[in-house]
Amino acid sequence: INPVGSDEAAYTNFHLLTTYTVRRPEAPPADAVFGPESELRMVDRGHAARSLLLQYALPAEVAQFDHPAVRNFTPLFRSVSDPRARPVIDWIDRSLKLNPPDPQVRRAFPTTDPETEPSTQPDGSG
């Protein structure tokens, strides 16, 4: 949601950024210590350089994972060591907890099928 005009929008943006993943475009190394990772995270806590948020802001010739093809795309950073990238790297590596608590947020998608909707609301007395 852009621009962020409320706390709700800010929390929604944060939740989406920190839970968004995509499948890796290529097979991960077979000798990975904990097995191959099949997904890339938009925000990879503790591993900012692998985060798509940072990778997608780099030029294609520098990025390990290229930004999806978009006409007139201009990278934000020249490299991972670009001074403008430092706040993003610090936020991911130093400000965010490595294992955040489950916020108990569940995405609810609207439906047009009345049979999937509850016919009554629970009254809370149980």
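Residues numbered from 1 in each chain as written. Predicted model: local features only at pLDDT ≥ 70, side-chain atom pairs only at ≥ 80, totals over all residues. Heavy atoms only, no water.

J.: Let's hear about the overall build of the protein: which residues, and what values?
T.: In terms of helices and strands, the protein carries 3 helices and 2 strands. The secondary structure elements of the protein, listed N-terminal to C-terminal, are α-β-β-α-α. Within the span of the protein, comprising 126 residues, buried residues form 21% of the whole. Once local pairs closer than 6 in sequence are excluded, the contacts in the protein between residues at least 24 apart make up 35%. Accessible surface computed for the protein: about 9,900 Å², of which carbon and sulfur atoms make up 55%. (Helix = DSSP H or I, 4+ residues; strand = E, 2+ residues; numbered from the N terminus. Buried < 20%, exposed > 50% of the residue type's maximum accessible area, 1.4 Å probe, protein only. Contact = heavy atoms within 4.5 Å. Areas by Shrake-Rupley, 256 points an atom, 1.4 Å probe, with all protein chains shown as cover.)

J.: So what about the confidence of the model for the protein? Which residues, and what values?
T.: On average, residues of the protein score 80 in pLDDT, and 67% of them are at 70 or above. Strand β1 (residues 21-23) is the least confidently modelled element of the protein, averaging 86 in pLDDT, while helix α2 (residues 52-55) averages 95, the highest of any element. (pLDDT = per-residue confidence, 0-100.)

J.: Could you give me a rundown of the nonpolar core, with the residues and numbers involved?
T.: Met42, Val43, Leu52, Leu54, Phe77, Ala85 and Ile89 are the most contacted members of the largest nonpolar core, which has 16 residues in total. Listed by contribution, the elements that provide at least two residues to this core are α2 and α3 (86-95). For Phe77, the residues in contact, after removing those within four places along its chain, are Leu54, Ala57, Leu58, Pro59, Asp82, Arg84, Ala85 and Val88. (Core = buried A, V, L, I, M, F, W, Y, C linked by side-chain atoms within 4.5 Å.)

J.: Lay out the side chain of Arg45 with the relevant residues and their values.
T.: Position of Arg45 relative to the elements: it lies in the loop between β2 (39-41) and α2. Here Arg45 occupies a buried position and makes no salt bridge, while the nearest side chain of opposite charge, Asp44, is found at 8.0 Å. (Lys, Arg positive; Asp, Glu negative; His and termini not counted. Salt bridge = Lys/Arg side-chain N within 4 Å of Asp/Glu carboxyl O.)

J.: How would you summarise helix α1 (residues 7-19) if you had to cite specific residues and measurements?
T.: A rise of 1.5 Å per residue sets the reference length of α1, with its 13 residues, at 18 Å; its end C-alpha atoms lie 18 Å apart and thus fit the reference within 8%. When α1 is considered as a whole, its buried residues turn out to be Ala9, Asn13, His15 and Thr18. (Expected span 1.5 Å × (residues − 1).)

J.: Account for the environment of Met42, with residues named and values stated.
T.: Structurally, Met42 is set in the loop between β2 and α2. Met42 sits in the buried class, given a relative accessible area of 12%. Counting along the chain gives 21 residues from Met42 to Thr21, while the straight-line C-alpha distance between them is 6.0 Å. In this structure, Met42 is in contact with Leu17, Tyr20, Ser51, Leu52, Leu53 and Tyr56, ignoring residues within four places of it in sequence.

J.: Can you lay out the environment of Phe14 for me, pointing to particular residues and giving the numbers?
T.: Position of Phe14 relative to the elements: it lies in helix α1. Considered as a pair, Phe14 and Val43 are 29 residues apart in the sequence and their alpha carbons are 9.8 Å apart. Apart from the residues lying within four places of it in its own chain, the contact partners of Phe14 are Arg45, Trp91 and Leu96.

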